[in-house]
Structure formats: structure tokens, C-alpha cells
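Breakdown of the fold
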Amino acid sequence: MAVIVVASDHAGYEMKEALKPEIEAFGHRILDAGVHGTDSVDYPDYGAAAARAIRDGEAEMGVIVCGSGIGISIAANREPKVRAALCHDVTTTRLCRRHNDANVLALGSRVIGIETAKECVAAFFETGFEGGRHQRRVDKLGHGPNS
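The structure reproduced in this document is the subject of the present report. (Residues numbered from 1 in each chain as written. Predicted model: local features only at pLDDT ≥ 70, side-chain atom pairs only at ≥ 80, totals over all residues. Heavy atoms only, no water.)

1. A closer look at helix H5 (residues 114–126)
Heads up, the condition is: A run of DSSP states H or I qualifies as a helix once it reaches four residues; a run of E qualifies as a strand once it reaches two. Both are numbered from the N-terminal end. What a helix should span is 1.5 Å times the count of its residues minus one. Any residue under 20% of the maximum accessible area for its type is buried, any over 50% is exposed, and the rest in between are partly exposed; the area is computed with a 1.4 Å probe on protein chains only. The contact criterion used throughout is that any non-hydrogen atoms of two residues lie within 4.5 Å.
The first and last C-alpha atoms of H5 sit 18 Å apart over 13 residues, in line with the 18 Å expected at 1.5 Å per residue. Taken residue by residue, H5 has Ala117, Cys120, Val121, Ala123, Phe124 and Phe125 as its buried positions. Buried residues along H5 sit in contact with strand S1 (3–8), helix H1 (13–24), strand S3 (61–66), helix H4 (90–100) and strand S5 (104–108).

2. A word on the environment of alanine 85
Along the polypeptide, alanine 85 turns up in strand S4 (residues 84–86). A sequence separation of 16 residues divides alanine 85 from aspartate 101, and the C-alpha atoms of the two residues are 9.5 Å apart. Apart from residues no more than four positions distant in its own chain, alanine 85 is found in contact with Cys96, Ala102, Val104, Leu105 and Ala106.

3. Thoughts on the pattern of salt bridges
This is how it is decided: By definition here, a salt bridge exists when the distance from a side-chain nitrogen of Lys or Arg to a carboxyl oxygen of Asp or Glu is within 4 Å.
For the structure on display, the rule yields 10 salt bridges. As a salt-bridge pair, arginine 55 and glutamate 79 come within 3.9 Å of each other at their nearest N and O atoms. Of this pair, arginine 55 sits in helix H2 (residues 43–55) while glutamate 79 is found in the loop between helix H3 (70–76) and S4, placing the two residues 24 residues apart along the sequence. Glutamate 79 gets classed as buried once you look at its relative accessible area, which sits at 13%. When salt bridges that share partners are traced, they join Lys16, Glu17, Lys20 and Asp32 into one network.

In C-alpha cells form, the structure reads like this:
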């Protein structure tokens, strides 16, 4: 059982809450880094909170949500141990795991619907990193175990 950090801004709050049971269904434990309501907040604060949880070893992976998914993924990727990938469908989600060893899934609540988001979460946790030629590329990002 892994610990998965989840975080969102106000725009992503409802989607984040709807995805928590999906993550738990994979046997993972949730660490909720906020937000805890729909009052307006700043996405960088919550992207950074999720990233710190990974950096500090409190969580192995994460799922983050804002309106577009763009801002919160940029905020999370400022942390060197984070490889956050903004995904819009199952294909991009599988590829971010297989080829990029992404450890954070970023979603946009104003871009995709909840069913697509649930499918992305499933693909994220069902798909592993292929390694091989992709490992050297991840290493060049400064994120891999060999970098």
C-alpha cells in the first residue's frame, strides 16, 4: 500500500474529492494536502504542498487538480523529485508512466469530465515504468535514480 498525496485548488476540489475513493480502491492511503472547500485559493500553494510531500517521503505519488491542470502541474514540477504530467486521457496517462516515470498525475477539472478523470487515475496506478531507453531520458531530467 502506497501513500498518495492529493491536492487541488478551489476549481479542482470537487474532482479531487471524487477521485479519492478511486485511489483508495487500489489499496492506497490518501494524504490530502488540501484544499478543503471551494473558496478561492492560489493553485501554486497546493501544487507545492503536494510536491513537498513527495520530496519529504510522506507520499510516493500524487494526483493534483486545478481548473486546467496547467498551473498546479507547473507548481509541482518546481520540486526536483516530482515528475508531474498533465494528462487528458488514458493514452497520455499510460505514456507518462511508461516513458516518463511520472510520479504525479495532473488533471484539469474544466478540461475533462469526472469519468475520464477516473479512467486516468486507473491507468496511472495500473501502468508501470518501462525503463530501458526511457531510463536514460528520465535521468537527463535530473529525476531518475541514476542522475
